[in-house]
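Residues per chain are reported as follows:
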Amino acid sequence: MKQSNKKNTRRRFIKQNLLTGAGAMLGMHSALPSLAGEPSKGISATITATAPVSGQQSPQWPKWPMWDIAADEPSVLETLRSGVWSRAKIVEQFEAAWAETIGLKRCLTTVNGTNALICALANLDVGGGDEVIIPPYTFIATPQAVLQTGAMPVFVDTDPDTFQMDVSKIEEKITPRTRAILPVHIAGIPCDIEGIMKIARKHNLAVVEDACQAWLSEVNHKKVGAFGHAGCFSFQNSKNIPMGEGGAIVSDDEEFIDKCYSYHNYGIARGSMIAKYGAGMSMAGTKLRLTEYQAAIGLAQLKRLDAQTTIRADNAAYLKSRLETIPGIIPYKLHNYITRVSFHLFPFRYKKESFKGLPRAAFLKALSAEGVPCSSGYSTLNTQPFLANTFQSKNFKKMYSPQQLDIARYQERNRCPQNDILCNEEAVWFTQNILLGSRADMDYIVSAIEKIHKNAEKLKKSL
Ligand SMILES: Cc1ncc(COP(=O)(O)O)c(C=O)c1O
């Protein structure tokens, strides 16, 4: 796939400008050994000896998070030197900017994405005795947020083509106890949120979007997080807009955000809640406030989010088009309704049948040895012990019948066979920083995988 010179120049310009001051980061070697063209050990010795990725050094992958001393530090230092560190006008400034970015009226920041989810669910009246429908292919925070409200997560299997919740399987999981759907746009790839909203409207269910990996992703040109009753985001360190820790809830429902605000500030009524509950300490609440210096970091990071999102998407499209030609490598599918993808992860399926039966773990080890950081991703959440142990807690025993807490019954009802295959056998990921590399870096990934494919038999024998 050739790019025009013009595009190449523009790309280099954007990249250079984005990375100004981050030279030290870009100069860092990956923690993984670079074996191309070097003496090698372990599993890749076999393939390096037979078919090295010819004459190439493994790339120096962009380090994350990025920090531009000249552009980022003045406002953060000013905030630090002001002595106003607790929530004030910089947090408000970030909230206004994030609401505008997503295209909604209001945003409330929180300490992290997990608590953004808990706050949103709790203030939509999700609680003990309720069920919340979620996908199993997600980060542990999604089901934990449901459990923290006192509700039970109900898992809907994954569509392995997209890595997202299989919308065609939602309705069979709805019961009289179902109160909400918590869809996740995993990897930053939008799920079928319009299909989910249709089902939610039909069954009168609340929808909280877990957009914790999907900043700027779009469905039909509308940002994800803006479809449900609430959208939740994470700004944790690994995220595409990092501030160490941080989260946000967005919504057009002013009363709902006032309620969330009050909850996030000890239950002290705010805005429309004053008329409803009276001024002062009139509501249930906790403390989830973001700090001024986190917001200042967030505002600095927000400036490069759009351009970096474009670079990730361009590289992902190119990498996908090349990887698709390798037998046994099946990247994510994008439906036509998806108009932008934030790519927190680049996921693909690995079919060992096309690699002479080489197990995924050995494939990952060989790819890492070639200097390409990769991972097998999530494990099967619906089978993890946190569920059984929470069901045995004092609160859950008070809220649910012994039959509802029967874990064998629960697990049978929550089986997700497609997701099991994805987690246990097939999924492979690259993280978002890899997608900020050069076009040559993407080519290197392809060459490394082609090399493993070519030498799969030898690798398998060496196990
Ligand atoms: C899909 C998903 N949901 C929720 C969260 C929770 O966000 P945080 O780590 O900010 O609490 C994350 C963060 O890793 C996530 O990836």
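Residues numbered from 1 in each chain as written. Predicted model: local features only at pLDDT ≥ 70, side-chain atom pairs only at ≥ 80, totals over all residues.

**Notes on the overall build of the protein chain**
Counting secondary structure elements, the protein chain contains 18 helices and 15 strands. Out of the 463 residues in the protein chain, the part that is buried amounts to 45%. Considering only contacts in the protein chain between residues 6 or more positions apart, those separated by 24 or more positions represent 72%. (Helix = DSSP H or I, 4+ residues; strand = E, 2+ residues; numbered from the N terminus. Buried ≥ 20, exposed ≤ 12 C-beta atoms within 10 Å, placed from the backbone. Contact = placed C-beta atoms within 7 Å.)

**What to know about the site of the ligand**
The full set close to the ligand counts 14 residues, and Asn-112, Gly-113, Thr-114, Ala-141 and Ser-234 are the nearest of them. Elements with a contribution of two residues or more to the shell around the ligand: helix H6 (113-122) and helix H7 (141-148). Its residues assigned to classes, the shell around the ligand comprises four nonpolar, nine polar and one charged. (Near = placed C-beta within 6 Å. Nonpolar A, V, L, I, M, F, W, Y, C, P; charged D, E, K, R; others polar.)

**A short note on helix H5 (residues 89-102)**
Compared with the 20 Å implied by 1.5 Å per residue over 14 residues, the 20 Å span of H5 between its first and last C-alpha is a close match. Among the residues of H5, Ile-90, Val-91, Phe-94, Glu-95, Trp-98, Ala-99 and Ile-102 are the ones counted as buried. Each element contacted by the buried residues of H5 is listed here: helix H4 (69-82), strand S1 (106-110), strand S9 (222-223), strand S10 (230-234), strand S11 (247-251) and helix H11 (292-323). Phi turns positive one or two residues past the end of H5, at Gly-103, with a value near 90°. (Expected span 1.5 Å × (residues − 1).)

**Details of the environment of Ile-193**
Among the secondary structure elements, Ile-193 is positioned in helix H8 (residues 193-203). Along the primary structure Ile-193 and Phe-227 are separated by 34 residues, whereas in three dimensions their C-alpha atoms are 7.1 Å apart. Not counting residues within four places of it along the chain, the set of residues in contact with Ile-193 comprises Pro-183, Glu-209, Val-219, Val-224 and Phe-227.

**Structural notes on the sheet that holds strand S6 (residues 178-181)**
Here we have seven strands laid out as an open sheet, ordered S1-S11-S10-S7-S6-S2-S3, and mixed in their pairing. Because the sheet does not close on itself, it has two edges, and the strands there are S1 and strand S3 (152-155). Along the sheet, successive strands turn relative to each other by an average axial angle of 25°, direction set aside. Note that S6 and strand S7 (residues 206-210) share two bridges and pair parallel. Bridged to Ala-180 within S7 is Ala-206. Relative to S10, H6 is tilted by about 165°, and along the sheet it contacts S1, strand S2 (131-134), S6, S7, S10 and S11. The strands touched by helix H9 (residues 254-264) within the sheet are S1, S10 and S11, with S1 carrying the most contacts at an inclination of about 20°. (Pairing = 2+ DSSP bridges. Axes fitted to C-alpha atoms, helices over the stretch in contact; angles between N-to-C directions.)

**Some points on the environment of Gln-432**
Along the chain, Gln-432 turns up in the loop between strand S15 (427-431) and helix H17 (439-454). Along the backbone, Gln-432 and Ala-316 are 116 residues apart, and their C-alpha atoms lie at a distance of 9.5 Å. Apart from the residues lying within four places of it in its own chain, the contact partners of Gln-432 are Asn-240, Arg-312, Phe-343, His-344 and Leu-345.

**Thoughts on the nonpolar core**
The biggest cluster of nonpolar side chains holds 117 residues, and the ones touching the most others in it are Ala-120, Leu-121, Val-132, Ala-180, Val-208, Cys-232 and Ile-249. Among the elements that make up this core, the one with the highest residue count is H11 (nine residues). Both domains that meet at this core, namely domain 1 (12-66 + 305-377 + 423-461) and domain 2 (71-298), each give it at least three residues. The contacts of Val-132, once residues within four sequence positions are left out, are Leu-121, Val-126, Val-146, Ala-151, Pro-153, Val-154, Arg-179, Ala-180 and Leu-182. (Core = buried A, V, L, I, M, F, W, Y, C linked by C-beta atoms within 7 Å. Domains from an automatic or database assignment.)

**Side note on the sheet that holds strand S13 (residues 338-340)**
Taken in spatial order, the three strands make up an open sheet running S9-S8-S13, and their pairing is antiparallel. Single-partner strands in this sheet number two, and they are S9 and S13.

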